[in-house]
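# Overview (structure and organization)
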Amino acid sequence: MSSSPDALAGSTLPGEDTFAFPDEWRDQINPRRGGVPGPAVSIDDTAVEVLQRYERDLHDSLQKVTGDPELVGAVKAHLGGNVTPLSAAVIVVLAHAEINKEEDRDDRHRKFRETELFADAWITVGGPKFAAETTAELARVDAEKGRTRYKLLFRNGTDHWNPHRNTIADRVRAFLAVADEDDYRDAIEALEPHRDGLLRRVVVSFLVPTETGWVDELCQELSTVPERTIRYPLWPLVDSVGTAEQLAQLTAYDFGWDRLEWDHTLLAALGTAVLPAYVKAVESGLRPSPGLAAVPSDEAFRLIVANLETDRVHETARAAMRRFPVRALRLLSEGSTGTSKSAVLAARLLHSHVQDNPDLVAAVLPRLDPTVRVAIDKAAERTKLAAEAPADAVPPLLAEPPWTHHGRKQSKDPLYKLPPFIPEVPFNLDFDLLPQVLLRNRQYALPRSAVENLIRMLAISERGKIYAVVEAVKQHLDPASLAALGWELFEFLRDDRRERWTLYALAAVGDDETVRRLTPVIRAWPGEESWPPKWGYEKAEMGLEVLAAIGTDVALLHLHDIATKLKYRETRAKAQEQLAESAAGRGITPEQLADRFVPDFGLDERGSLTLDYGPRCFTVGFDEQLSPYVIDQDGKRRKSLPKPGSRDDQELASAAYQLFAALKKDVRTVAKNRFRHYERAMVEQWHWDSVEFQRLFVRNPLLWHIARRLLWRTDDGRYFRIAEDRTFADVADDAVELAESARIHIAHPVQLPAELDRWREVFGDYEIVQPFAQLDRPVHTLTDDEKAATELKHFSDHTVSTYAVVGLERRGWKPATKLDDGVECWVSRPIPGDREVVVDLDPGIRVGMLDRRPEQRLATIWIAASTDIHRSRGSQITFGELDMVTSSEVLADLTELVRGG
């Protein structure tokens, strides 16, 4: 920084309060006459030839068109050599219609780009006036495809104005902006008669935005037009605005704020007066526009800093820091306080800014508020970095990755085999905002060149296939910092479909904290509006694969939670498939896998955990719902752990506080997951051998909190509970010994009618609160007639809510296979022996449109001999063949369904 100290006396540098449109953005604007120059524009010599080629290709279609007589007449005159703006507009419409039929996406894109040259051809043949009139006509002409020909018609609405027509209008406007004065005035005069209808007025004003009176009329008119009718034409209207008053009227209306995110035309026209629109765009949910980096105002800079955690906003921050370095010192300092992610990122940027501009800091800091100095010092502390690893400590594969050996004699080591492709590091990554990657000893960090190589390696990884070199270099790196890098890469780039490798990379470097962060993202993806339409579901499916690949107990725990409770059926089914694959890979069933993946969370044998703050210690316990609580040194029970204080050991206390926060999240997931899992185990009568039972329930420091609140039984009919000392007791509190060969179940109340009341008394005396309805569970039995019947007629012909039927899925029922018309005609419940209890529905559930058929009549209720319900029609299995637990649960579900009506 070369400015003298005297020039730095204020809170900004000279020029930091003056707006200057950045030269590098000129190729991104739609220029206006007399305004900021746009990119150089010149007539393409091939344009006329391109237009003629399309006219030849369309010759047969032009001869067959039907529709509005005026349009058909214009086409016939065109074929006879009388070219008019109206007939030229028809050529565009038909050309675009034909291009849309191309199957190859690249072909379509190329041809649409070619049609932009129609503007050049119009100017070559008829001059700017003809080009302007043709574009105006394009705003009211459309075509519908019939079986053999096109039907031409005039449109008064807006849906037919699309980006392809817009790009032609962009080019015509660019030519008009640099046309001779006489040609420009002629174009304006010629456009006056074309200002009928909202869309045509918008397009005409876009072509000649210097006619501010026309734009004024449009901005005023918006208050009387429904928003939903004018989304498309407002794109060009944004680029027509030329005064602050027009902008104020426009920002009172939802005109499609995404335009402001990338288009700098409004900024070129209004300068700092565009700020209110940028602010409202952020308020409407968009990321701050890069244009904010050119606005010389504290408000603009604060808006950037407040949104630093948003994808790619750090690029805007860097640009603003370069333009307004002193303002950056002040406002990054201001924004770096607190614990939010934006504050942490602001501290990193501030620290980087100070290191990159030592002369500037030395010159201006004494003149700035003392709080800036304090913030700079704190930022340096918060971003305290490990020393860069010496060259000989950098893992060889990161110092000289395989692609650096190209042209040399390749090593025999297969790790040095050239990868299939060598990606570039994403251009928008800010390395100062990425976490350091530490070596295993956590003493040194990788230099930037090694981090770049590591990122390339991660980018080589594909879906389900991690680049082998990544696995090799992981052995030399600190797992936590590597996982932190993976997550930041994912956060920076996850909205870019081209960078989906950042999701795959999490499978390679993710840890339990990655799982906790990724799971809510996966759960939300299927519900997002996306393009293409199924992209949200596809991302969720890839995310599930990542959880399975990470494969830790915490990862499988969250995968199971999605598989059993997520409301999006398709994603839930994919999670179940992933669990099944994970179980098969271990040679066990999904149910056995679910039993094994509950972590012990570092709990001691009593099922508690001690957290050390240095001068203070706290003990974590769990209540009957597995909600953690804290006992302090005075024996006082707290709901949560207190925040570290100034007298605590900051390193110990911070680590303990973070551990408790993670514990609460994970145990909450365990609780919801296990309660449902063990209720299902009771209903489906799963069993565990004595060794499994001891390991999974009695000795597990967390799950025994659940196990001791349940009643258990052995195959030989003995019932027992787990006492506080982990021994087993019967209803008389006498000791129960379990043989090694014993098989143990969670007892169902229908199995012990004689002792049920006595067991209820025991649990009441010991104040045992059960995690789900077990001893107090409703018990149902079949009548003798029902046992002999093949249909359960007691519930037939009842009318119930469709929503209640769908709700049965939470109790283990599943929908029918979808028919061709998207209707589910039954629901079924799997029962032992690979059979199904089936409830036929009338009229059936229309998938995705439950309100269309809000009620269902329960038709035939019967038992299918296999899971193939179609083939099992006519089965003669009687309900008496069901065991008493299954029949009780089926009757309970149907009773509840009918009772709810």
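The preceding data block contains the structure.
As the structure is a computational prediction, the values presented were derived from the model and not from experiment. (Residues numbered from 1 in each chain as written. Predicted model: local features only at pLDDT ≥ 70, side-chain atom pairs only at ≥ 80, totals over all residues. Heavy atoms only, no water.)

### Description of the pairing of strand E14 (residues 743-746)
- Examined bridge by bridge, strand E10 (residues 688-689) and E14 share two bridges and lie antiparallel to one another. Counted as the bridge partner of Asp689 is Arg743 from E14.
- In the sheet, strand E11 (residues 712-714) pairs with E14 via three bridges, with the strands oriented antiparallel. Note that in E14 the partner of Trp712 across the bridge is Ile746. (Pairing = 2+ DSSP bridges. Helix = DSSP H or I, 4+ residues; strand = E, 2+ residues; numbered from the N terminus.)

### Description of the sheet that holds strand E9 (residues 637-638)
- Pairing within the open sheet is antiparallel, and its four strands lie in the order E6-E7-E8-E9. Lying at the two open borders of the sheet, with one neighbouring strand each, are strand E6 (609-612) and E9.
- Both strand E8 (residues 628-631) and E9 contribute to a ladder of two bridges, which runs antiparallel. Counterpart to Val630 in the pairing with E9 is Arg638.
- Docked against the sheet, helix H32 (residues 650-684) engages E6, strand E7 (617-622) and E8, running at close to 145° with respect to E6. (Contact = heavy atoms within 4.5 Å. Axes fitted to C-alpha atoms, helices over the stretch in contact; angles between N-to-C directions.)

### Regarding the sheet that holds strand E2 (residues 141-145)
- If you walk across this open sheet you meet the three strands as E1-E3-E2, and the pairing is mixed. Only two strands of the sheet have a single neighbouring strand rather than two, namely strand E1 (66-67) and E2.
- In terms of strand pairing, E2 meets strand E3 (residues 150-154) through five bridges, oriented antiparallel. Pairing of Lys145 across the sheet is with Tyr150, part of E3.
- Helix H4 (residues 85-99) rests against E2 and E3 of the sheet, and its axis sits at about 40° to E2.

### Observations regarding the pattern of salt bridges
- A complete count under the given rule lists 69 salt bridges for this structure.
- In this structure, the salt-bridge partner of Glu70 is Arg140, at a minimum N-O distance of 4.0 Å. One end of the pair, Glu70, is in helix H3 (residues 69-79); the other, Arg140, is in the loop between helix H6 (118-138) and E2, and 70 residues separate them in sequence.
- For Arg456, the salt bridge is made with Glu424, and the minimal N-O distance between the two is 3.7 Å. (Salt bridge = Lys/Arg side-chain N within 4 Å of Asp/Glu carboxyl O.)

### Brief notes about the nonpolar core
- Within the largest apolar cluster, 178 residues are counted, with the highest numbers of intra-cluster contacts made by Leu446, Leu518, Phe693 and Trp712.
- For this core, the leading source of residues is H32, giving 12 residues.
- Contact partners of Phe693, with chain neighbours within four places excluded, come to Trp688, Val698, Trp712, Phe720, Ile722, Phe728, Leu738 and Ile744.
- Judged by nonpolar contacts, the second largest core, of 54 residues, contains Leu62, Ala119, Tyr150 and Val203. (Core = buried A, V, L, I, M, F, W, Y, C linked by side-chain atoms within 4.5 Å. Buried < 20%, exposed > 50% of the residue type's maximum accessible area, 1.4 Å probe, protein only.)

### Points about the environment of Pro370
- Inspection of the secondary structure assignment puts Pro370 in helix H21 (residues 370-382).
- Residue classification places Pro370 among the exposed residues on the basis of a relative accessible area of 60%.

### A few points about the side chain of Arg173
- With respect to the secondary-structure elements, Arg173 resides in helix H7 (residues 163-177).
- No salt bridge is formed by the buried Arg173. Its closest oppositely charged neighbour is Asp239, at 5.5 Å.
- Polar side-chain contacts of Arg173 include one of 2.9 Å to the backbone oxygen of Pro31.
- At 2.8 Å, the side chain of Arg173 forms a polar contact with the backbone oxygen of Asp239.
- Residues within four places of Arg173 in sequence aside, it is in contact with Asn30, Pro31, Arg32, Phe206, Leu207, Pro209, Asp239, Ser240 and Thr265. (Lys, Arg positive; Asp, Glu negative; His and termini not counted. Polar contact = N/O pair within 3.5 Å; in protein donor to acceptor, adjacent residues only side chain to side chain.)

### Description of unusual backbone geometry
- Cis geometry marks the peptide bond from Asp842 to Pro843; its omega dihedral reads 15°.
- Inspection of the secondary structure assignment puts Pro843 in strand E18 (residues 835-846).
- Unlike most non-glycine residues, Asp834 shows phi in positive territory, near 55°.
- Checked against the element boundaries, Asp834 lands in the loop between strand E17 (823-831) and E18.
- Of the residues examined, Asp834 reaches a relative accessible area of 61% and is grouped as exposed.

### Observations regarding the pairing of strand E19 (residues 855-864)
- Where burial is concerned, most of E19 is hidden: seven out of the 10 residues are buried.
- Where E18 lies against E19, six bridges are found, and the strand directions are antiparallel. By the bridge assignment, Asp842 is partnered in E19 with Arg857.

### Some details on the environment of Ile91
- Residue placement: Ile91 occurs in helix H4.
- What makes Ile91 buried here is its relative accessible area of 2%.
- Taking the C-alpha atoms as reference points, Ile91 and Glu55, 36 residues apart in sequence, are found 7.0 Å from one another.
- Apart from the residues within four sequence positions on either side, Ile91 is in contact with Leu51, Glu55, Leu58, Leu62, His78 and Phe118.

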